[in-house]
Amino acid sequence: MADSPVLERVRALVAPIASDLQLDLYDVEQRGATLRITLDTRPGADGGVDLEQLALATRLISRELDHHDPVPGRYTLEVSSPGIERPLRRPEHFVRAVGERVSVRLVAPDDSGRRRIEGELTAADDTSITLATDDGA
């Protein structure tokens, strides 16, 4: 899924800040007047992102966005962690979730008419995923 040029520019500005804070830039999205930056710990790290990290990241990201002004118009900046029920939208999200139990909403119903499939994510790459479902489907 390709981001808009604005979101790509925001991603390019925020990624080095996340890296300096020993965090991963999980996602960048804009919904209406809200620009949401989602940061996560690096794979294998103990614990999750804490409030101090998010507060520091928010200040640094806000300053960088104010300086470069990549987003036209007014917006509200929201910096958060993805949480336990994190959305998997990009290929790297799926790769990172291999071995976890996930729920996948299909664009169109499968052969049995299901729109949602749950199971263990056993493999993922840039173009496909493999789920081990309880019913073996």
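It should be emphasised that the depicted structure is a prediction, and the values quoted were computed from it without experimental measurement.

Inspection of the entire model under this criterion finds 0 aromatic pairs. Between the NZ or CZ atom of Arg86 and the centre of the ring of Tyr26, over which it lies, the distance is 5.4 Å.

With the rule as written, the count across this model stands at 12 salt bridges. A salt bridge links Asp24 to Arg42; the nearest nitrogen and oxygen atoms lie 3.8 Å apart. On the criterion of sequence distance, the pair formed by Asp24 in strand β1 (residues 23–31) and Arg42 in the loop between β2 (34–41) and α2 (51–68) is long-range, its members being 18 residues apart. On the accessibility criterion, Asp24 (22% relative accessible area) is partly exposed. Take Arg42: its relative accessible area is 29%, and that puts it in the partly exposed class. Asp110 is the partner of Arg114 in a salt bridge, and the nearest nitrogen-oxygen pair spans 3.0 Å. Using a relative accessible area of 24% as the deciding quantity, one classes Arg114 as partly exposed. Beyond isolated ion pairs, a larger network of salt bridges with shared partners links Asp24, Asp40, Arg42, Arg86 and Arg96.

We now examine the side chain of Thr41. Among the secondary structure elements, Thr41 is positioned in strand β2. Taking relative accessible area as the criterion, Thr41 reaches 12% and is therefore assigned buried. Apart from residues no more than four positions distant in its own chain, Thr41 is found in contact with Leu23, Asp24, Gly47, Gly48, Val49 and Arg96.

A separate point is the sheet that holds strand β3 (residues 76–80). One open sheet accounts for 3 strands, arranged β1-β2-β3; its pairing is mixed. The strands lining the two open edges of the sheet, one partner per strand, are β1 and β3. Adjacent strand axes in the sheet meet at a mean angle of 15 degrees when their direction is disregarded. As judged from the 5 bridges shared by β2 and β3, these two strands associate in the parallel manner. Within the sheet, the bridge partner assigned to Ile37 lies in β3 and is Val79.

Moving on, we get to the sheet that holds strand β5 (residues 116–124). With antiparallel pairing, 3 strands are arranged side by side in an open sheet as β4-β5-β6. Looking at the sheet topology across the chains shown, the edges are occupied by β4 (101–105) and β6 (129–132). Shown here is a sheet whose adjacent strand axes are inclined to one another by a mean of 60 degrees, direction ignored. Pairing geometry for β5 and β6, over 4 bridges, is antiparallel. In the strand pairing of β6, Ala123 is matched with Thr130.

Turning our eyes to something else, we now look at the nonpolar core. Most often, soluble globular proteins have nonpolar side chains that are buried together. Judged by nonpolar contacts, the single largest core of 20 residues is most densely connected at Val10, Leu35, Ile37, Leu39 and Ile61. Looking at this core, the elements that each hand over two or more residues are α1 (5–20), β1, β2 and α2. Residue contributions to this core peak at 6 residues, all from α1. Those residues in contact with Leu35 that sit more than four places away from it in its chain are Leu7, Val10, Val28, Glu29, Gln30, Leu65, Val71, Tyr75, Thr76, Leu77 and Glu78. Core analysis: the next-biggest nonpolar cluster, separate from the first, contains 7 residues, Val102, Val104, Leu121 and Leu131 among them.

Definitions and cut-offs
- Residues numbered from 1 in each chain as written.
- Predicted model: local features only at pLDDT ≥ 70, side-chain atom pairs only at ≥ 80, totals over all residues.
- Heavy atoms only, no water.
- Phe/Tyr/Trp six-rings, centres within 6.5 Å; stacked < 30°, edge-to-face > 60°.
- Lys NZ or Arg CZ within 6 Å of the ring centre and 35° of its normal.
- Salt bridge = Lys/Arg side-chain N within 4 Å of Asp/Glu carboxyl O.
- Helix = DSSP H or I, 4+ residues; strand = E, 2+ residues; numbered from the N terminus.
- Buried < 20%, exposed > 50% of the residue type's maximum accessible area, 1.4 Å probe, protein only.
- Contact = heavy atoms within 4.5 Å.
- Pairing = 2+ DSSP bridges.
- Axes fitted to C-alpha atoms, helices over the stretch in contact; angles between N-to-C directions.
- Core = buried A, V, L, I, M, F, W, Y, C linked by side-chain atoms within 4.5 Å.

That's the geometry; what it means functionally is another story.
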